[in-house]
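Report on the structure
As a plain string of letters, each chain reads:
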Amino acid sequence: MSRHSVLWGVLVPATLIGGERPQLTLAANAPQEKDSELLKDARDTFEPLPKDMATREFPVSPERVSLGRKLFFDPRISVDGTVSCSRCHLSALYATDALPKSHGARDKMLPRNANTLFNTALQFKQHWRGDFENVEAQAKHALTGPGFGNPDFAAAMARVNAITGYPELFKKAFPDEADPVNADNWGKAIGAFERTLVTPSRFDEYLGGKADALTPAERNGLRVFMDIGCANCHSGVGIGGSKFRKFGVKEDYWKATGSKEIDKGRFDLTKDAADTYTFKVPGLRNVEMTAPYFHDGSVDALPGAVRVMARVQLGKTLSDEDTGAIITFLKSLTGKPPADFITAPVLPPAGFK
């Protein structure tokens, strides 16, 4: 019996053949195997997190990270003085805001759910539709998007220059530039900070060779996760975040999620019919902590999201046993938030203008 399947979104497990519930689910019938065999399969599929997400093009120098951390938490650069990056990415909510859709400047509702920023710089694109190549491009765009609401980059940088202390911090972070206070460097500084937001978990210890870093139940859930086919899309270092997939292979996704609006996804960017209802596969790290789920936040809890994916991607009804096994494994992907993200920095003094 083949257990391989196509996976998108949170995950797409399959346990039913021909619409009938089997007597034994995969979780209940999982073979007993040597820990070394499971670890080898896991290492062939996943990768442990790095210590940071720096690249040659986008380094994480102390000066850039310190500046980016301040800018990330500063609301005074938005058009109404109320929005910072941290408004949609709260430390207490694992760098999300727990809203179906976030709110930007002047309380304007943004078009999609805010993904967590933890580990996101590892993903091949940013945002649900893949609007941006990297976190730096996304941070720059936010200045003039509905989040911050500035009319142009010049207006945003005028706000930065008006706050005593920032020009000198930009000079330290970008010492080779005559006029370093610009939108590109804003994106690079915030990106440098975001590239430090790595949340290793016990799963990374497991991949490093510590077999008992996961409990027996979590190891069983890992086997179910792989054998069912979840890892067809949710693989690599981010347990996802490396490809696009259509949401709704077997039926329209909104019939299962109850979505009030139908989002055509990547089609709106490319105008290619093949991209209709296509979205980036999100990474599953910290997925236990990042509800609600999907691009529109239409599903509140993880068990429901798992079952929705099985239904719309494969037309299957997922058993309670397999659902529970997979979720047990997914909880092992929860890491500790970085200390520099838990607390906000002291910002240069100045009133909003």
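In this convention, every chain numbers its residues from 1, walking through the sequence in written order. It should be noted that, the model being predicted, local features are given only for residues of pLDDT at least 70 and side-chain atom pairs only at 80 or more, the latter also being counted only at that level, while totals for whole chains, interfaces and linings use all residues. Side-chain descriptors were evaluated using all non-hydrogen atoms of the structure, hydrogens and water having been removed beforehand.

Turning to the overall build of the chain, a few remarks are in order. Counting secondary structure elements, the chain contains 14 helices and 2 strands. For a compact globule the rule gives 2.2 Å times the number of residues to the power 0.38, and the radius of gyration it is set against comes from C-alpha atoms. The C-alpha radius of gyration of the chain comes to 21 Å, within 12% of the 20 Å expected for a compact globule of 353 residues. Referenced to the eigenvectors of the C-alpha coordinate spread, the extents of the chain come out at roughly 70 × 45 × 30 Å. Each of the 353 residues in the chain was classed as buried or not, and the buried ones make up 54%. Sequence separation of at least 24 residues holds for 74% of the intrachain contacts in the chain that already meet a minimum separation of 6. Here the Shrake-Rupley method, with its probe set to 1.4 Å, supplies the accessible areas, and only the displayed protein chains count as covering residues. Of the roughly 15500 Å² of accessible surface on the chain, a fraction of 52% belongs to carbon and sulfur atoms. The secondary structure listing takes helices from DSSP runs of H or I that are at least 4 residues long and strands from runs of E that are at least 2 residues long, numbered from the N terminus. With a 1.4 Å probe rolled over the protein chains alone, any residue whose accessible area is under 20% of its type maximum counts as buried; one over 50% counts as exposed, and the rest are partly exposed. Here, two residues are considered to be in contact whenever any of their heavy atoms come within 4.5 Å of each other.

This part takes up the confidence of the model for the chain. Per residue, pLDDT measures the predictor's confidence, with a range of 0 to 100. Mean pLDDT over the chain works out to 91, with 91% of the residues at or above the 70 mark. Low confidence marks residues 1–24, where pLDDT is under 50. Its contacts with residues over four positions away, or in another chain, come to 95 contacts.

To continue, consider the packing of aromatic side chains. Whether two aromatic rings pair depends on their centres lying within 6.5 Å, for rings of Phe, Tyr and Trp, where Trp uses its six-membered ring; planes under 30 degrees apart make the pair stacked, over 60 edge-to-face, and the rest tilted. Per the stated rule, a full pass over the model turns up 21 aromatic pairs. Centroid distance Tyr 94 to Phe 118: 5.8 Å. Interplanar angle 75°. Geometry classified as edge-to-face. With Tyr 94 in the loop between α3 (85–88) and α4 (135–142) and Phe 118 in the loop between α3 and α4, this residue pair connects regions lying 24 residues apart in the sequence. Residue class for Tyr 94 comes out buried when judged on its relative accessible area of 12%. Among the residues examined, Phe 118 registers a relative accessible area of 2% and is labelled buried.

Right, let's get into the environment of Asp 80. Relative to the helices and strands, Asp 80 resides in the loop between α2 (62–73) and α3. Sequence-distant contacts of Asp 80, defined by excluding residues within four places in its chain, comprise Ala 105, Arg 106 and Phe 352. Between N or O atoms, a polar contact is any pair within 3.5 Å; within protein, one atom must be a potential hydrogen donor and the other a potential acceptor, and residues adjacent in sequence are included only when both atoms are from side chains. Looking at Asp 80, its side chain comes within polar contact range of the side chain of Thr 82, at 2.8 Å. In terms of polar contacts, Asp 80 uses its side chain to reach the backbone amide nitrogen of Arg 106, at 2.6 Å.

Let us now look at the pattern of salt bridges. When a carboxyl oxygen of Asp or Glu lies within 4 Å of a side-chain nitrogen of Lys or Arg, that pair is called a salt bridge. According to the stated counting rule, one finds 19 salt bridges in the structure shown. Here Lys 51 makes a salt bridge to Asp 52, at a shortest N to O gap of 3.0 Å. By relative accessible area, Lys 51 is classed as exposed at 74%. Put simply, Arg 223 and Asp 227 hold a salt bridge, and the shortest N to O gap is 3.0 Å. One end of the pair is Arg 223 and the other is Asp 227, both in helix α9 (residues 216–228) and 4 residues apart, which spans about a single turn.

With that settled, the discussion passes to the side chain of His 234. As for its placement among the helices and strands, His 234 is situated in the loop between α9 and β1 (244–246). Engagement of the side chain of His 234 in a polar contact is seen with the backbone oxygen of Ile 239, the distance being 3.0 Å.

Right, let's get into the layout of surface pockets. Computed from the structure, the largest pocket encloses a volume of approximately 670 Å³. In this analysis the probe radius is 1.4 Å and the grid spacing 1 Å, with only protein atoms considered; a cavity is a set of points the probe fits into but cannot get out of, a pocket is an open set with protein on both sides within 12 Å along at least five of seven lines, and lining residues have an atom within 4 Å of a point. Around the largest pocket, the lining is made up of 33 residues, and of these His 89, Leu 110, His 127, Phe 132 and Gln 138 lie nearest the centre. Counting residues per element, the ones that place at least two in the lining of the largest pocket are α3 and α4. The element best represented in the lining of the largest pocket is α4, accounting for 5 residues. Gly falls in the polar group here, along with every residue not listed as nonpolar (Ala, Val, Leu, Ile, Met, Phe, Trp, Tyr, Cys, Pro) or charged (Asp, Glu, Lys, Arg). In the lining of the largest pocket, the residues fall into 15 nonpolar, 13 polar and 5 charged. Grid points are joined across faces, edges and corners, and a volume is the space filled by probe spheres set on the points. In this structure, the second largest pocket encloses a volume near 290 Å³. Forming the walls of the second largest pocket are 16 residues, and the residues nearest its centre are Pro 100, Lys 101, Lys 260, Glu 261 and Asp 296. Looking at the lining of the second largest pocket residue by residue, the class counts come to 4 nonpolar, 6 polar and 6 charged.

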